Amino acid sequence: MATPFEERRKELLRELQTELAPLGFEAKLSDWSYRKVTPFGFYGIGLASIPHPGVDFDVTVHIGVRHDAVAELCNAVNPNLDKKQKADVYTVGGELGNLSNAGQMRWTIATEADVVRVT
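Residues numbered from 1 in each chain as written. Predicted model: local features only at pLDDT ≥ 70, side-chain atom pairs only at ≥ 80, totals over all residues. Heavy atoms only, no water.

## Thoughts on the side chain of Asn75
Working step 1: Checked against the element boundaries, Asn75 lands in helix 2 (residues 68-76).
Working step 2: With a relative accessible area of 10%, Asn75 lands in the buried category.
Working step 3: Excluding its chain neighbours within four sequence positions, the residues that come into contact with Asn75 are Arg66, Leu81, Lys86 and Val89. (Helix = DSSP H or I, 4+ residues; strand = E, 2+ residues; numbered from the N terminus. Buried < 20%, exposed > 50% of the residue type's maximum accessible area, 1.4 Å probe, protein only. Contact = heavy atoms within 4.5 Å.)

Shown next as C-alpha cells:
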C-alpha cells in the first residue's frame, strides 16, 4: 500500500505531465523529470524532493538546456561518466529560484489541494 507521501508524489507528477505534454515535454517519471527534444539537444525540467517524514515534503524545480555538440565535447574529456550520465548531461541549468536570483524556491506538498496549487 502506498504511503500518503507516495500518493502525493504520483499526483504531482501526473498533474505536471498533463500540463507539460501539450508543450512537447515527455515524462521520465522514474527520475522526476520531463524532457523536450530539440534539433540541437533538449530542454529539461526536473524536480527534487525534500521529505519531512510523517508530515509533508517540499519540491524544488530545476531547469536546463542541453546542446549536444557542447555536451559531446565535454563528455569526450570526462572518462568518469558512464553512458547514462553522458546522455543526461546538461549544458546549462540550475534550480529555478537561484536562476531567477530569488534564492532557492520550495513548494510544500501535504495534501491533494497542495498538488493542484503547485501545478
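## A closer look at the environment of Gly64
Working step 1: With respect to the secondary-structure elements, Gly64 resides in strand 4 (residues 56-67).
Working step 2: Note on Gly64: relative accessible area 9%, which makes it buried.
Working step 3: Through-space distance from the C-alpha of Gly64 to that of Leu29 is 17 Å; in sequence the pair is 35 residues apart.
Working step 4: In this structure, Gly64 is in contact with Phe42, Tyr43, Gly44, Tyr90, Val92 and Gly93, ignoring residues within four places of it in sequence.

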